[in-house]
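Given next are the chains, with one letter for each unit.
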Amino acid sequence: MWFKTLYHRLLGRRELYQIYVNLTHSTPSHCMDYHGRIVNHEEKVPSVSECDFEVLAFPVSELDNYREKKRRMESRAERELKRRDLFEEGKEKIENGDYEEAISRLEESVKLDIFIPEIEKFCQEYRALLPSEISQELEDLFILGYKEKFGQKRYERLPEKMREDRKEAGLDKIRELFG
């Protein structure tokens, strides 16, 4: 890939720019298309007001490394979209009374990631529709998923006490929601 590096250097470029979108449950889907994108000029960074993102300049000589990072970032964005789709499918299955399939879809979603605001909204909309044994199964599923979330590598950077406090606060909230 050194041809691309040479190409940019011949054009006089010393830096390129990579876009980092803040991926959460509330990030608009169209914003995820920008996660990892590499642009030639800072002026070519899209101006999308509802997207929360940062731009990082990097030396042209590091293009190969940043292209690899781009692939990983795109994969994370695709994973979040898949998680959302699975969560939505789970809710649809609940509406249809197919609780076994609903739990299956929600379990797949939770294995990818889990967010407290999403569980809050879920409980507001669906908690009353659930038989008690299904409600208990979902509470257990969400608790397990939330515990496992804080064992992931990306949370290792947090100080231990902060990580444990966040985890416990989330677990308490899930228990309260299913109370």
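Let me begin by describing the structure that accompanies this report. (Residues numbered from 1 in each chain as written. Predicted model: local features only at pLDDT ≥ 70, side-chain atom pairs only at ≥ 80, totals over all residues. Heavy atoms only, no water.)

## Section: the overall build of the protein
Here is step 1 of the chain: Scanning the protein from terminus to terminus reveals 7 helices and 3 strands.
Here is step 2 of the chain: Taken from the N to the C terminus, the helices and strands of the protein come in the order α-β-α-β-β-α-α-α-α-α.
Here is step 3 of the chain: For the protein, the spread of C-alpha atoms along the principal axes amounts to about 65 × 40 × 30 Å.
Here is step 4 of the chain: Burial analysis of the protein (179 residues in total) assigns 40% to the buried set.
Here is step 5 of the chain: Relative to all contacts within the protein whose residues are 6 or more apart in sequence, the contacts with residues 24 or more apart total 70%.
Here is step 6 of the chain: A total of about 10900 Å² of accessible surface is found on the protein, and carbon and sulfur atoms cover 47% of it.
Here is step 7 of the chain: Computing the positive centroid from 33 side-chain charges and the negative centroid from 39, the protein places the two 7 Å apart. (Helix = DSSP H or I, 4+ residues; strand = E, 2+ residues; numbered from the N terminus. Buried < 20%, exposed > 50% of the residue type's maximum accessible area, 1.4 Å probe, protein only. Contact = heavy atoms within 4.5 Å. Areas by Shrake-Rupley, 256 points an atom, 1.4 Å probe, with all protein chains shown as cover. Lys, Arg positive; Asp, Glu negative; His and termini not counted. Charge placed at Lys NZ, Arg CZ, Asp CG, Glu CD.)

## A few points about the packing of aromatic side chains
Here is step 1 of the chain: The tally for this structure, following the rule as stated, stands at 7 aromatic pairs.
Here is step 2 of the chain: In textbook terms, an aromatic cluster arises when at least three aromatic residues are bridged by ring pairs, as seen for Phe87, Phe122, Tyr126, Phe142 and Phe178. (Phe/Tyr/Trp six-rings, centres within 6.5 Å; stacked < 30°, edge-to-face > 60°.)

## Observations regarding the environment of arginine 71
Here is step 1 of the chain: Assignment of secondary structure puts arginine 71 in helix α3 (residues 63–95).
Here is step 2 of the chain: Considering only alpha carbons, one finds arginine 71 and histidine 35, 36 residues apart in sequence, at a separation of 9.7 Å.
Here is step 3 of the chain: Within the structure, arginine 71 has its side chain in polar contact with the side chain of glutamate 68 (distance 3.1 Å). (Polar contact = N/O pair within 3.5 Å; in protein donor to acceptor, adjacent residues only side chain to side chain.)

## Let's talk about the nonpolar core
Here is step 1 of the chain: Membership of the largest hydrophobic core comes to 25 residues, with the highest contact counts inside it found for Ile94, Ile119, Phe122, Leu138, Phe142, Ile174 and Phe178.
Here is step 2 of the chain: Of all the elements in the fold, those that place two or more residues in this core are α3, α4 (99–112), α5 (116–126), α6 (132–149) and α7 (160–178).
Here is step 3 of the chain: Among the elements that line this core, the one with the most residues is α6, at 6 residues.
Here is step 4 of the chain: Setting aside its immediate chain neighbours within four residues, phenylalanine 122 contacts Phe87, Lys91, Ile94, Leu106, Arg127, Leu130, Leu138, Phe142 and Phe178. (Core = buried A, V, L, I, M, F, W, Y, C linked by side-chain atoms within 4.5 Å.)

## Comments concerning a negative patch on the surface
Here is step 1 of the chain: Taken together, Asp98, Glu100, Glu107, Glu108, Glu133, Glu137 and Asp140 make up a surface patch of like negative charges.
Here is step 2 of the chain: The set of elements that each furnish at least two residues to the negative patch consists of α4 and α6.
Here is step 3 of the chain: With respect to the element layout, aspartate 140 can be found in helix α6.
Here is step 4 of the chain: What makes aspartate 140 partly exposed here is its relative accessible area of 42%. (Patch = residues over 30% accessible without salt bridge, like charges linked within 9 Å, V, L, I, M, F, W, Y side chains within 5 Å. Salt bridge = Lys/Arg side-chain N within 4 Å of Asp/Glu carboxyl O.)

## Quick look at the state of the cysteines
Here is step 1 of the chain: Tallying each qualifying case throughout the model produces 1 disulfide.
Here is step 2 of the chain: Bridging cysteine 31 to cysteine 51, the disulfide has an S-S length of 1.9 Å. Torsion about the S-S bond of the cysteine 31 and cysteine 51 cystine: about -80°, corresponding to left-handed handedness. Of this pair, cysteine 31 sits in helix α2 (residues 29–32) while cysteine 51 sits in the loop between β2 (38–39) and β3 (53–59), and the two are 20 residues apart along the sequence.
Here is step 3 of the chain: Judged by its relative accessible area of 8%, cysteine 51 falls in the buried class. (Disulfide = S-S within 2.5 Å.)

## Description of α5
Here is step 1 of the chain: Three or more residues of α5 are buried, namely Ile116, Glu118, Ile119, Phe122, Cys123 and Tyr126. Along α5, the residues classed as buried sweep out an arc of 155° about the axis, all on the same side.
Here is step 2 of the chain: Looking at the buried positions of α5, the neighbouring elements they touch are α3, α4, α6 and α7. (Arc of directions from axis to C-beta.)

This is a description of form; function is not addressed.
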